[in-house]
Amino acid sequence: MIEVKNLVKDYGSHLAVKDLSFTVEDGQIYGFLGPNGAGKTTTMNIICGYIGATSGEVLINGKNVAEEPLEAKKLIGYLPEQPPLYQEMTPREYLSFAAEIKGLARGEAAAEVERAMEVTGVSDMADRLIRNLSKGYKQRVGLAQAIIGLPPIIILDEPTVGLDPKQIAEIRELIKALGKKHTVILSSHILSEVSAVCDKVMIISRGRLVACDTPQTLEQMMQGSGEIDLSVRGGKKAVEAALKKLRNCEMRFKKSAGEERAELTLSAGDSRDIREEVFFALAEAKLPILAMSPSRASLEEVFLDLTAGGASESSIETGLEEEEGE
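All figures in this text were calculated on a predicted structure; none of them were measured in a lab.

A.B. asks: Can you walk me through unusual backbone geometry in this structure?
C.D. replies: Excluding glycine, residues mostly carry a negative phi; peptide bonds, for their part, are mostly trans. Positive phi, normally seen in glycine, also occurs at Asn61, with a value near 50 degrees. Here Asn61 is to be found in the loop between strand E4 (55–60) and strand E5 (63–64). You will see that Leu150, though not glycine, has its phi angle at about 50 degrees, which is positive. Along the chain, the position of Leu150 falls in the loop between helix H5 (135–147) and strand E7 (153–157).

A.B. asks: How do you make sense of the side chain of Asp157 when you look at a structure like this?
C.D. replies: Mapped onto the fold, Asp157 is located in strand E7. For the buried residue Asp157, which engages in no salt bridge, the nearest side chain bearing the opposite charge is Lys40, 6.8 Å off.

A.B. asks: Got a minute to help me understand the packing of aromatic side chains in this structure?
C.D. replies: The geometry of an aromatic ring pair is captured by two quantities: the separation of the ring centres and the angle between the planes. Counted under the stated rule, the structure contains 5 aromatic pairs. When the ring of Phe22 is compared with that of Phe32, the centres are 6.0 Å apart and the planes differ by 50 degrees; the resulting orientation is tilted. One end of the pair, Phe22, is in strand E2 (residues 15–24); the other, Phe32, is in strand E3 (residues 29–33), with 10 residues separating them in the sequence. With a centroid separation of 5.3 Å and an interplanar angle of 80 degrees, the aromatic rings of Phe279 and Phe280 are classed as edge-to-face. The exposure class of Phe279 is partly exposed, given its relative accessible area of 45%. In textbook terms, an aromatic cluster arises when at least three aromatic residues are bridged by ring pairs, as seen for Tyr86, Tyr94 and Phe97.

A.B. asks: Got a minute to help me understand helix H9 (residues 236–243) in this structure?
C.D. replies: Turn by turn, an α-helix covers 3.6 residues, leaving residues three or four places apart pointing in a common direction. For H9, every residue scored as buried is listed here: Val239, Ala242 and Leu243. The arc that holds the buried residues of H9, viewed along the axis, is 90 degrees, so those residues lie on one side. Elements in contact with the buried residues of H9: strand E11 (227–233), strand E12 (249–253), strand E13 (261–268) and helix H10 (275–284).

A.B. asks: Help me out: how do you make sense of the sheet that holds E2 in this one?
C.D. replies: Sheets are built from strands that pair by backbone hydrogen bonding, the pairs being arranged parallel or antiparallel. Spatial strand order, E2-E1-E4-E5: 4 strands in an open sheet with antiparallel pairing. Whereas interior strands pair on both sides, the edge strands pair on one side only; in this sheet they are E2 and E5. Sheet topology note: the strand E1 (residues 2–10)/E2 ladder contains 6 bridges and is antiparallel. By the bridge assignment for E2, Leu7 is matched with Leu20.

The rules we used
- Residues numbered from 1 in each chain as written.
- Predicted model: local features only at pLDDT ≥ 70, side-chain atom pairs only at ≥ 80, totals over all residues.
- Heavy atoms only, no water.
- Helix = DSSP H or I, 4+ residues; strand = E, 2+ residues; numbered from the N terminus.
- Buried < 20%, exposed > 50% of the residue type's maximum accessible area, 1.4 Å probe, protein only.
- Lys, Arg positive; Asp, Glu negative; His and termini not counted.
- Salt bridge = Lys/Arg side-chain N within 4 Å of Asp/Glu carboxyl O.
- Phe/Tyr/Trp six-rings, centres within 6.5 Å; stacked < 30°, edge-to-face > 60°.
- Arc of directions from axis to C-beta.
- Contact = heavy atoms within 4.5 Å.
- Pairing = 2+ DSSP bridges.

Read these as layout, nothing more, since geometry by itself doesn't imply function.
Shown next as structure tokens:
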């Protein structure tokens with residue numbers, strides 16, 4: 001378990017992390033989201049012991065990262081956004097080197113290297129130079145390095161940046177598999193990736209935690225209790241005329257679906273359940289309802305709402321690099 005308590009990182013000209021506190025429970029995959037410059041990479045580097053905090057503390061299974069760095073670091077496997085690979089080594093040589101650095105005995109290290117390569121799917125490339133591997137395989141080698149020694153906690157910073165769709169799907173499946181034996185923290189700008197892979201999501205903005213829950217719960221939090229999505233057989237004007245009779249309701253029509261079908265979101269200002277009223281109003285106008293469902297916000301909408309004004313919205317698209325100082 002990871003406990004982050006009142007964490008602060010002040011670079012002098014830039015306060016990257018501001019009184020940040022959260023807990024990561026064992027056996028789950030956590031998504032760590034935030035705009036560029038929000039403090040994600042700084043926080044992960046502090047957790048891993050690569051940089052020190054200005055104040056606050058991080059406990060890894062009860063071990064204080066600042067006071068017991070060696071013991072705490074043994075519990076973590078870390079994959080930075082740019083894997084620290086030695087291009088003139090083969091995966092087997094590089095992973096053997098990583099095992100030695102982690103203090104594994106020689107006999108144990110050889111078996112552990114083979115296990116890590118098998119889990120991450122790089123066994124077939126074990127004796128090729130890393131410089132000749134594709135980006136996808138380089139990411140796999142980086143992941144193999146992170147799981148050498150079976151650390152209980154794996155921290156991955158943008159593990160799918162720069163990969164093609166097939167490679168992204170393969171790395172996602174690998175992360176899901178790792179989540180069965182490790183606690184995983186996954187930093188990503190790709191929100192569909194977080195929804196698909198993570199059990200819980202932490203959203204950070206301007207160095208502060210603004211939300212922590214399951215993707216489904218975060219979406220439901222943004223859902224208006226009196227808001228529904230409608231698809232109706234009929235023209236926009238006819239549907240609008242029929243629904244104008246409803247008390248205190250706002251209609252937001254979506255992109256035109258043609259003369260024979262209207263799609264819209266309907267919301268009640270007093271948050272009442274309006275489904276029955278909608279049914280009878282459209283039935284009276286002889287306008288068949290093709291679909292009616294509660295309106296739900298996407299994780300992207302939740303993200304934008306919670307981090308509004310914190311940073312550029314472009315950071316959520318397809319994995320832009322973190323800004324300097326984060």
